[in-house]
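So the chains spell out like this:
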Amino acid sequence: MSNQSYQLEDLDLQSAQERIRELEEKLAWERKLLRTIIDNLPTAIYAKDTEGRKILANRVDLENQGLTDESQVLGKTDFDFYPRHIAEQFFRDDSIVLKQGKAIIDREELMAEQNGRERWLRTSKLPIIAEDGKILGLVGFGQDISLEKQLEKENAEAAARIKEQEEMVEEMIADLEQIPEKIGQLVNSITYIARQTKMLSINATIEAARLGDLGRGFEVVAEEVGQLSDRSSEAATQVKEAIAEVETLVGTILEVWRTRTQVRP
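So, a few notes on the structure that sits alongside this text. Each chain has its residues counted from 1, following the order in which its sequence is written. Totals for whole chains, interfaces and linings use every residue, but because this is a predicted model, local features are given only for residues with pLDDT of at least 70 and side-chain atom pairs only at 80 or more, for both listing and counting. Where side-chain values are given, they derive from all heavy atoms of the structure, hydrogens and water being excluded.

## Looking at the overall build of the protein chain
Here is step 1: The helix and strand tally for the protein chain stands at five helices and five strands.
Here is step 2: To qualify as a helix, a DSSP run of H or I must reach at least 4 residues; to qualify as a strand, a run of E must reach at least 2; elements of each kind are numbered from the N terminus. Going residue by residue from the N terminus, the α and β elements of the protein chain occur as α-β-β-α-α-β-β-β-α-α.
Here is step 3: Each residue's exposure class comes from its accessible area (1.4 Å probe, protein chains only) as a fraction of the maximum for that residue type: buried when under 20%, exposed when over 50%, partly exposed otherwise. Counting every position in the protein chain, which comprises 265 residues, the buried fraction comes to 26%.
Here is step 4: By element, 55% of the accessible surface of the protein chain is carried by carbon and sulfur atoms, the whole surface being about 18,900 Å². Accessibility throughout is a Shrake-Rupley quantity obtained with a 1.4 Å probe, and a residue counts as covered only by protein chains that appear here.

In structure tokens:
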């Protein structure tokens, strides 16, 4: 082989090595760029192999597990970090993706229960599929929705309290509706007693006139009983007027309440 042939081979080898170096630098740059992006997104991002072992975890995913370094999770499963009942739910979802190749979109997952507080993620999991159709693993995305779930819980509790209060108010209004009728019955009784008392006063006056001086006591009694009858009649009239005002007030309250319940969403 001539020197020229050796030189050409050396040039081809050198060119190939330079090309490989360029590709390695480009690959390293793309990996660095991708890593910078996923580590600075506010969403948890991770990847798992077909056995459910972590092969990638960004900063948010590590924070969700109370960790700081990716090396702490690589090669491990959710059973190494979460209570069993939570890890089992994660595993069931992973199996759907890894075994069936089906994506899971926006699944709400209970991530942790600490000090009576719950942490929730809205998770999507997608299969990583090779060109030949083989499933290589999965990539997951998780958004913390703990505040949203807490607000939902508080709103539900508030709605339950409002409903309970409304039921109490409705019972009170029902009782209030009956008050005028009950008072009216009482007034009728007072009016009846006043009439009977008036008749008694009249009879006593007649008896006093018939007996003359001997009926002086009947006359005093007749006068007192007559005054009592008059006062009872006046009181009954005042109560009737008060009842009319109460009925108007109750009617207004009922109208406002029913209007409010009709327009309530």
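## Things to note about the packing of aromatic side chains
Here is step 1: Each Phe, Tyr or Trp ring, with Trp reduced to its six-membered ring, pairs with another whose centre is within 6.5 Å; inter-plane angles below 30 degrees give stacked pairs, above 60 give edge-to-face pairs, and intermediate values give tilted ones. Under the defined criterion, the tally for this structure stands at two aromatic pairs.
Here is step 2: With a centroid separation of 5.1 Å and an interplanar angle of 85°, the aromatic rings of tyrosine 82 and phenylalanine 90 are classed as edge-to-face.
Here is step 3: Accessibility expressed as a relative area gives 13% for tyrosine 82, which makes it buried.
Here is step 4: Only Lys NZ and Arg CZ are tested; either one counts as a charge over a ring when it is within 6 Å of the ring centre and within 35 degrees of the ring normal. Lying over the aromatic face of tyrosine 46, lysine 54 brings its terminal NZ or CZ to 5.0 Å of the ring centre.
Here is step 5: Directly above the ring of tryptophan 120 sits lysine 149, whose terminal nitrogen or CZ lies 4.5 Å from the centroid.

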